[in-house]
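# Commentary on secondary and tertiary structure
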Amino acid sequence: MAHAIKSPIPGIFYRRPSPDDPVFVEAGDAVKEGDVIGLIEVMKTFHEIKADKAGVVASFAVENEEAVSVGQVLLTLEE
C-alpha cells in the first residue's frame, strides 16, 4: 500500500542539503520513520521534512527546487 508524505508548509522543496551534496533519498531507497527526505525553504529558513513512517521511496511527486503548497504530496512510500 502506498503512503504519501505531504508538505506541512508552503515554500521551495529541496532534495539535497546544498547544491554540491547528494540528495537525501532516491527512488528505491528504504527510509525509517524520522529520516530526513528533503528540506522546505521559507523566507531563507530551511525546515527538515521527515518520513512519518517507514517504507521504500516509490517516487517523487515534485522536482528539486519546485514551489510547493500545504498538503501537496512530495513523495510516495511503498510500505
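Residues numbered from 1 in each chain as written. Predicted model: local features only at pLDDT ≥ 70, side-chain atom pairs only at ≥ 80, totals over all residues. Heavy atoms only, no water.

On a plain count of helices and strands, the chain comes out with zero helices and eight strands. Along the chain direction, N to C, the helices and strands of the chain fall in the order β-β-β-β-β-β-β-β. For 79 residues, the compact-globule estimate of 2.2 N^0.38 gives 12 Å, and the C-alpha radius of gyration of the chain, at 11 Å, lies within 12% of that figure. Burial statistics for the chain: of 79 residues in total, 30% are counted as buried. (Helix = DSSP H or I, 4+ residues; strand = E, 2+ residues; numbered from the N terminus. Rg over C-alpha atoms; globule rule 2.2 N^0.38 Å. Buried < 20%, exposed > 50% of the residue type's maximum accessible area, 1.4 Å probe, protein only.)

What follows concerns unusual backbone geometry. For Lys44, which is not glycine, the phi dihedral falls at a positive 70°. Positionally, Lys44 belongs in the loop between strand 4 (36–42) and strand 5 (45–50). The backbone of Glu65 shows a phi angle near 65°, a positive value even though the residue is not glycine. In this structure, Glu65 sits in the loop between strand 6 (55–60) and strand 7 (66–68).

Counting 15 residues, the largest nonpolar core has Ile5, Phe13, Val31, Ile37 and Leu74 as its most contacted members. When residues of this core are traced back to their parent elements, those giving at least two are strand 4, strand 6 and strand 8 (73–78). Here this core takes three residues from strand 8, the largest share from any one element. (Core = buried A, V, L, I, M, F, W, Y, C linked by side-chain atoms within 4.5 Å.)

Once the charged atoms of two side chains with opposite charge are near each other, the side chains can pair. Overall, the coordinates contain four salt bridges when judged by the stated rule. The residue Arg15 makes a salt bridge to Glu26 at a minimum N-O spacing of 3.4 Å. Placement of Arg15 in the loop between strand 2 (11–14) and strand 3 (30–31) and of Glu26 in the loop between strand 2 and strand 3 is noted, with a sequence separation of eleven residues between them. Here Arg15 falls in the buried class, since its relative accessible area comes to 17%. Given the relative accessible area of 41%, Glu26 is considered partly exposed. Between Glu48 and Lys50 there is a salt bridge, and its shortest N-O distance comes to 3.6 Å. (Salt bridge = Lys/Arg side-chain N within 4 Å of Asp/Glu carboxyl O.)

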